[in-house]
Every structure is written in C-alpha cells, then in structure tokens.
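Chain by chain, the residues:
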Amino acid sequence: MITRPSGEPLSGDLFTKVGWKPAFGNADLEYRNRIDGMHALRHLFASTLLARGVSVKELAHYNCLDTVLTRGHRGDS
C-alpha cells in the first residue's frame, strides 16, 4: 500500500497520476496506459517472486490475504 505523508492510503488512480506516469517520463519511457499500469506491475512482481523460488501456494496465499485486507473490510466479495 502506498500512503500519503499523513498515512492515508493513496488511491491507485492518484498514484498513477502523481507517481507512476511521471516516473516513466523521468526515465524517458512512453507510458502506454493499461499495458504499463499497476496490474502489469503486479504480474511482474508475482513472476519475480516465482523466479526467486516462492511457491505458487505461497503466492496464492499472499494474493488471497491481500484481497481480504484491501477489499474485505468494505464487504466486497
């Protein structure tokens, strides 16, 4: 979770606008919306973990826990 200096969570849209897209510009890279978005980063992170020996079972557990922690409090299913 990425937070503001106050500790409040930063929404994905706002992070993309103020952090992610500017980082692409600073690196002289073209930002291509969805293909370079946070969802793609999540997949890259998962692939990196798998390549470093994290088991699929551990990764699935993390993803389930992440879903419960970020969405479960709102009653989403």
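Fair warning: this is a prediction, and the values are worked out from it, not measured in the lab.

**Overview of the overall build of the chain**
Right, so step 1: Scanning the chain from terminus to terminus reveals three helices and zero strands.
Right, so step 2: Put simply, the chain runs from its N terminus to its C terminus through helices and strands in the order α-α-α.
Right, so step 3: Per-residue burial over the chain gives 14% buried out of 77 residues.
Right, so step 4: Summing over all exposed atoms, the chain offers an accessible surface of approximately 6400 Å²; the carbon and sulfur share of this is 58%.

**Quick word on the packing of aromatic side chains**
Each aromatic ring pair is summarised here by two numbers: the centre-to-centre distance and the angle between the ring planes.
Right, so step 1: This model, assessed by the stated rule, comprises three aromatic pairs.
Right, so step 2: Ring plane angle 70° and centroid distance 5.5 Å describe the contact between Trp20 and Phe24, whose orientation is recorded as edge-to-face. A residue pair is termed a helical-turn pair when its members lie 3 or 4 positions apart in one helix, as Trp20 and Phe24 do in helix 1 (residues 12-26) at four residues. Grouping residues by exposure puts Trp20 and Phe24 together as buried.
Right, so step 3: Arranged with centres 5.2 Å apart and planes meeting at 85°, the rings of Phe24 and Tyr31 form a pair that is edge-to-face. In terms of burial, Phe24 and Tyr31 fall into one category: buried.
Right, so step 4: Through a chain of ring-to-ring contacts, the aromatic side chains of Phe15, Trp20, Phe24 and Tyr31 assemble into a single cluster.

**Some thoughts on the nonpolar core**
Right, so step 1: One finds Leu10, Phe15, Trp20, Phe24 and Tyr31 forming the largest nonpolar core, which totals five residues.
Right, so step 2: Sequence-distant contacts of Phe15, that is, excluding residues within four places in its chain, are made with Ile2, Leu10, Trp20 and Met38.

**What to know about unusual backbone geometry**
Right, so step 1: Unusually for a residue other than glycine, Asp28 sits at a positive phi of about 55°.
Right, so step 2: As for its position among the elements, Asp28 is in the loop between helix 1 and helix 2 (38-51).

**Side note on the environment of Met1**
Right, so step 1: Note that Met1 resides in the segment before helix 1.
Right, so step 2: On the basis of relative accessible area, Met1 is assigned to the exposed category, the value being 81%.
Right, so step 3: For the pair Met1 and Gly12, spaced 11 residues apart in sequence, the C-alpha separation works out to 9.4 Å.

**Focus on helix 1**
Right, so step 1: Here helix 1 is 15 residues long and its end C-alpha atoms lie 20 Å apart, about the 21 Å a rise of 1.5 Å per residue gives.
Right, so step 2: The largest bend in helix 1 comes to about 30°, at Val18, with the proline Pro22 one to four residues further on.
Right, so step 3: Considered for burial, the residues of helix 1 that qualify are Phe15, Thr16, Trp20 and Phe24.
Right, so step 4: Elements that come into contact with the buried residues of helix 1 comprise helix 2.
Right, so step 5: Just beyond helix 1, the residue with positive phi is Asp28, at close to 55°.

What counts and what doesn't
Residues numbered from 1 in each chain as written. Predicted model: local features only at pLDDT ≥ 70, side-chain atom pairs only at ≥ 80, totals over all residues. Heavy atoms only, no water. Helix = DSSP H or I, 4+ residues; strand = E, 2+ residues; numbered from the N terminus. Buried < 20%, exposed > 50% of the residue type's maximum accessible area, 1.4 Å probe, protein only. Areas by Shrake-Rupley, 256 points an atom, 1.4 Å probe, with all protein chains shown as cover. Phe/Tyr/Trp six-rings, centres within 6.5 Å; stacked < 30°, edge-to-face > 60°. Core = buried A, V, L, I, M, F, W, Y, C linked by side-chain atoms within 4.5 Å. Contact = heavy atoms within 4.5 Å. Expected span 1.5 Å × (residues − 1). Bend = angle between axes of the 7 residues up to and from the residue.

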